[in-house]
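Chain by chain, the residues:
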Amino acid sequence: QVKLVESGGGLVQAGGSLILSCAASGRTFSSYSMGWFRQAPGKEREFVAAIRWSGGNTNYADFVKGRFTISRDNAKSTVYLQMNSLKPEDTAVYYCAVYITSWTYWGQGTQVTVSS
């Protein structure tokens, strides 16, 4: 059974940093792209960042460029999201996902709250 478990969320002041982790299990994900999405209250889920299986190619939403960094450790089947210079508008539930032929598998999410 495929399982993605996010961790690392919490409450942080504006300008602070957090590192989110997503541990994958149930199959080998080293050949697939992985990504992070977020959903704020009353808003649709939106793309944040993605990383190819090799880790060499990354893609970011414009609103996080220069502040967030996605990385992965295939040996640990884990993807990370380093979040710096956090803003109150970054407050959301953050989800990781695995891309097979679409964003197929999702975690349960971790709450990130940024206070002003």
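This is a predicted model, so every value here is computed, not measured.

(A) Quick peek at unusual backbone geometry. The phi torsion at S77 lies on the positive side, around 50 degrees, for a residue other than glycine. Tracing the sequence through the fold places S77 in the loop between strand 7 (68-73) and strand 8 (78-83). The class of S77 is partly exposed, set by a relative accessible area of 23%. In this structure, S85 takes a positive phi of about 50 degrees despite not being glycine. On the basis of relative accessible area, S85 is assigned to the partly exposed category, the value being 40%.

(B) Geometry of the environment of Q39. Within the secondary structure layout, Q39 lies in strand 4 (residues 33-39). When neighbours within four sequence positions are excluded, Q39 is seen to be in contact with E44, R45, A92, V93 and Y95. Engagement of the side chain of Q39 in a polar contact is seen with the backbone oxygen of K43, the distance being 3.1 Å.

(C) Summary view of the pairing of strand 5 (residues 46-51). Bridge analysis of strand 4 against strand 5 gives five bridges, and the strand direction is antiparallel. Bridge pairing links R38 to E46 in strand 5. The hairpin formed by strand 4 and strand 5 contains six residues between the paired strands, and G42 there has a positive phi angle of roughly 75 degrees. Here three bridges tie strand 5 to strand 6 (residues 58-60), and the two strands are oriented antiparallel to one another.

(D) Region of interest: the nonpolar core. W36, L81, M83 and Y94 are the most contacted members of the largest nonpolar core, which has 28 residues in total. If you list the elements that add at least two residues to this core, you get strand 3 (18-25), strand 4, strand 5, strand 7, strand 8, strand 9 (92-99) and strand 11 (110-115). Non-local contacts of Y94, meaning those with residues more than four positions away in its chain, are made with E6, L20, W36, F37, R38, V48, F68, L81, M83, G109, T110 and V112.

Rules used in this analysis
- Residues numbered from 1 in each chain as written.
- Predicted model: local features only at pLDDT ≥ 70, side-chain atom pairs only at ≥ 80, totals over all residues.
- Heavy atoms only, no water.
- Helix = DSSP H or I, 4+ residues; strand = E, 2+ residues; numbered from the N terminus.
- Buried < 20%, exposed > 50% of the residue type's maximum accessible area, 1.4 Å probe, protein only.
- Contact = heavy atoms within 4.5 Å.
- Polar contact = N/O pair within 3.5 Å; in protein donor to acceptor, adjacent residues only side chain to side chain.
- Pairing = 2+ DSSP bridges.
- Core = buried A, V, L, I, M, F, W, Y, C linked by side-chain atoms within 4.5 Å.

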